[in-house]
There are 2 protein chains.
Amino acid sequence: MRFTFLGTSAGTPTKIRNVTALALQHGGPRGWYLIDCGEGTQHQLLHTRHSLVQLRAIFITHVHGDHAFGLPGLLASASMSGRTEPLPLIAPAPIRAFVETALAACDSQLGYELAFFEWGAADLVWSDAYVEVTTAPLSHRVPCVAFRFTEKNLERKLLTDQLEFDDVEPGPAWGELQRGRDVVLNDGRVLKSDAYTAITREPRCIVVGGDNDSPELLRETCLDAHVLIHESTYTQAVSNRVGPAPQHSSAEQVARFAESVRLPNLVLTHFSSRYQLSHHGAPHIDEIEFEAGRFYKGNLWLARDFDDYELGKDLILRRITPDDEE
Amino acid sequence: MRFTFLGTSAGTPTKIRNVTALALQHGGPRGWYLIDCGEGTQHQLLHTRHSLVQLRAIFITHVHGDHAFGLPGLLASASMSGRTEPLPLIAPAPIRAFVETALAACDSQLGYELAFFEWGAADLVWSDAYVEVTTAPLSHRVPCVAFRFTEKNLERKLLTDQLEFDDVEPGPAWGELQRGRDVVLNDGRVLKSDAYTAITREPRCIVVGGDNDSPELLRETCLDAHVLIHESTYTQAVSNRVGPAPQHSSAEQVARFAESVRLPNLVLTHFSSRYQLSHHGAPHIDEIEFEAGRFYKGNLWLARDFDDYELGKDLILRRITPDDEE
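Residues numbered from 1 in each chain as written. Chains lettered and ligands numbered in written order. Predicted model: local features only at pLDDT ≥ 70, side-chain atom pairs only at ≥ 80, totals over all residues. Heavy atoms only, no water.

> I'd love a proper account of the interface of chain A and chain B, names of residues and values included.
Across the boundary between the two partners, chain A contributes 37 residues, which contact 37 residues of chain B. Here chain A meets chain B over a buried area of about 2700 Å², counting both sides, of which 68% is carbon and sulfur. When the buried area of chain A at its contact with chain B is split by residue, Glu39, Phe69 and Cys106 of chain A rank highest and sum to 25% of it. On the surface where chain A and chain B come into contact, there are zero salt bridges. At the boundary of chain A and chain B, one finds eight residue pairs in polar contact (both at pLDDT 80 or more). For the side of chain A that touches chain B, the secondary structure elements donating two or more residues are α1 (41-45), α2 (65-68), α3 (71-80) and α4 (93-105) of chain A. At eight residues, α4 of chain A tops the list of elements feeding residues into the side of chain A that touches chain B. Its residues placed into classes, the side of chain A that touches chain B shows 18 nonpolar, 16 polar and three charged. (Contact = heavy atoms within 4.5 Å. Buried area = accessible area lost by both parts, 1.4 Å probe. Salt bridge = Lys/Arg side-chain N within 4 Å of Asp/Glu carboxyl O. Polar contact = N/O pair within 3.5 Å; in protein donor to acceptor, adjacent residues only side chain to side chain. Helix = DSSP H or I, 4+ residues; strand = E, 2+ residues; numbered from the N terminus. Nonpolar A, V, L, I, M, F, W, Y, C, P; charged D, E, K, R; others polar.)

In structure tokens form, the structure reads like this:
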């Protein structure tokens, strides 16, 4: 499972960070999922390997513009790039009105079906052959969720001792069983895939949060997750100064929570535009990292636009910067 | 009068060209006008000297997404950057539904008044202390106009011989007359500014077209204009292959028209994303320039994102590339 940050800034874009969007790639050669779609997401995608034709579904955590204003342009460009496959859009209800009005007012006809799924508060919202996606409600100024992506249909190992013991000849039946399908032999015997194969590893699981002032709401959801991607809009000191109204998390809050559930990997994102990499007088993004590091002892990352991460089958998370691949 | 291209690509953004938007600066230290607002316009502005607080008005040529999808994000960011001045938005009617639905659905409250003016087919649509803006209808798949910007309130030269002849003492009255204001002297005489001052140059005039397959519709509008900025989506050969349905102009069409009205300066923009600066196998943007140059003998430019142009009081147009200023 691999994910790429398309935007890591809160509220407004900066020169080096766009507003929120994340591409999650898993299963099949180039299929991927988009989580949130701030303005300019389609522009960011031009600098990645992801194509709008191979996009499998879009998930929106909440209605705020910095997470959703990129939808009309991205949907129109998907059509202009020749997409014909239906596209599921899993989003809160007002997003439907926004998208439909934008496309109608601006005379855009899509060459594919846009399939809206309104997320509710609970449980499974969507799945395909590769991932199962559930939601967890968060606490923000508008209804907001985290999406939990769990991989499906893990590869099976054939239990060859058992197959030989039961006199099942090597051949196409073995292949079918390994693909998870039950088989009827010529002699009439029914072989259950589950009886002759085993899944030998844990399914990978990534939780992608929306905006949220209460990370502890994710306790259940994160208990067996391998990665949490969560907003950390500012440090605790700035958060205290700003007050609770914006309903965002501080680095300290998220870090304390991640430590309390012994989360192996925490990736912080959605930084206030006041944080700069280097700008005279502006607070430095390192302040966020330093604060989080004081309270969280697992693997900590601060997201940057275009950084790629890969969660291997070994459950280890690795960062692949664009330079690594050239 | 100075203008900066914020986007020069048709339909979809490319890696080096955003979709359409143009910043026109005139009058006062940093006041400016935005013509069209494709997605990502606010991102482009981050790389210019223009601030959303000093934006005087927005003009939209037509409803298509590549000219309008950047509005909700730009309007929200203007609010977040502290704007409180009302902002006029001169646009076709459906833009109002789009913007209002987007802001409402995405829970954005603006900290300033957005003042909608629906453009009609005719004449003056808007003016302030610095410019007068009229429209000219174009021919496209949806209602579309060109905006003609003419500078107002040109500087006046005092007719000192006349003032002395009439025994008007040098002093504050001279200053008032020069500012175009009539004056009542202590002795009761009323002095008309027009009688004691002269405007010694022609007002500068720039025409900014929307999408259009019939440049000749701009004949009247362009007769005494100094600059025409017009789309040239492809060459005539590509236009013939594509057919008339998209209702765009070829380089040849625009160039022939500009030549026929002896237009001094023609800036082409809105190029199909098929044109690349250098990309193996893709047609080169030079093809557009070469074709236009065959039919137009005035000053021809092909717009690039972030290029600045200045139309001086001497009515000469100069290109200022970002490098020129560093």
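> Pulling in residues and values, what's your account of the domain arrangement of chain A?
Domain annotation of chain A identifies domain 1 (2-154 + 201-325) and domain 2 (157-198). Domain 1 of chain A and domain 2 of chain A are separated by 41 Å when their C-alpha centres are compared. (Domains from an automatic or database assignment.)

> Tell me about the packing of aromatic side chains, and please be specific about residues and values.
Within the structure shown, the criterion is met by 20 aromatic pairs over all chains. Centroid distance Phe3 of chain B to Phe5 of chain B: 5.9 Å. Interplanar angle 85°. Geometry classified as edge-to-face. Exposure remark for Phe3 of chain B: the relative accessible area of 0% places this residue in the buried category. Considering the side-chain rings of Phe3 of chain B and Tyr309 of chain B, the 5.2 Å spacing of their centres and the 15° angle between planes classify their relative orientation as stacked. Of this pair, Phe3 of chain B sits in strand β1 (residues 2-7) while Tyr309 of chain B sits in strand β20 (residues 308-311), and the two are 306 residues apart along the sequence. Taken together, the ring pairs in this structure connect Tyr33, Phe59, Trp126, Phe147 and Phe149 of chain A into an aromatic cluster. For the cation-ring pair, Arg83 of chain A lies above Tyr112 of chain A, with the distance from its terminal atom to the ring centre recorded as 5.7 Å. (Phe/Tyr/Trp six-rings, centres within 6.5 Å; stacked < 30°, edge-to-face > 60°. Buried < 20%, exposed > 50% of the residue type's maximum accessible area, 1.4 Å probe, protein only. Lys NZ or Arg CZ within 6 Å of the ring centre and 35° of its normal.)

> Lay out the pattern of salt bridges in plain terms, naming residues and giving numbers.
Here the structure, examined in full by the defined rule, presents 34 salt bridges over all chains. Arg201 of chain A is the salt-bridge partner of Glu155 of chain A, the closest N and O atoms lying 2.6 Å from each other. With Glu155 of chain A in the loop between β10 (145-151) and β11 (157-158) and Arg201 of chain A in the loop between β14 (197-198) and β15 (205-208), this residue pair connects regions lying 46 residues apart in the sequence. Its relative accessible area of 39% is what places Glu155 of chain A among the partly exposed residues. The class for Arg201 of chain A is buried, based on a relative accessible area of 18%. Residue Asp308 of chain B is joined to Arg49 of chain B by a salt bridge in which the shortest nitrogen-to-oxygen separation is 3.0 Å. Within this pair, whereas Asp308 of chain B is found in strand β20, its partner Arg49 of chain B is found in the loop between α1 (41-45) and β5 (55-59), the two being separated by 259 residues in sequence. When its relative accessible area of 24% is taken as the criterion, Arg49 of chain B is described as partly exposed. Residues joined in a network through salt bridges with shared partners are Glu151, Glu155, Arg201, Arg204 and Lys313 of chain A.

> Let's hear about the UniProt feature "binding site: Zn(2+) 2" (unreviewed entry) in chain A: which residues, and what values?
Residue and element names in this part refer to chain A. Annotation from UniProt places "binding site: Zn(2+) 2" (unreviewed entry) at Asp66, His67, Asp211 and His270. In summary, the annotated positions, though distributed over 205 residues, converge in three dimensions, the widest C-alpha pair being only 10.7 Å. Tracing the sequence through the fold places Asp66 in helix α2. Asp66 sits in the buried class, given a relative accessible area of 12%. Relative to the helices and strands, His270 resides in the loop between β17 (265-269) and β18 (271-272). (UniProt positions renumbered as here; feature names shortened; annotations may be inferred.)

> Can you lay out α4 of chain A for me, pointing to particular residues and giving the numbers?
Between its terminal C-alpha atoms α4 of chain A stretches 19 Å, which fits the 18 Å expected from 13 residues at 1.5 Å a residue. Residues of α4 of chain A that are buried: Ile95, Phe98, Val99, Ala102, Leu103 and Ala105 of chain A. Along its buried surface, α4 of chain A packs onto α2, α3, β6 (87-91) and β7 (114-118) of chain A together with α4 (93-105) of chain B. One or two residues past the end of α4 of chain A sits Asp107 of chain A, with phi positive at roughly 60°. (Expected span 1.5 Å × (residues − 1).)

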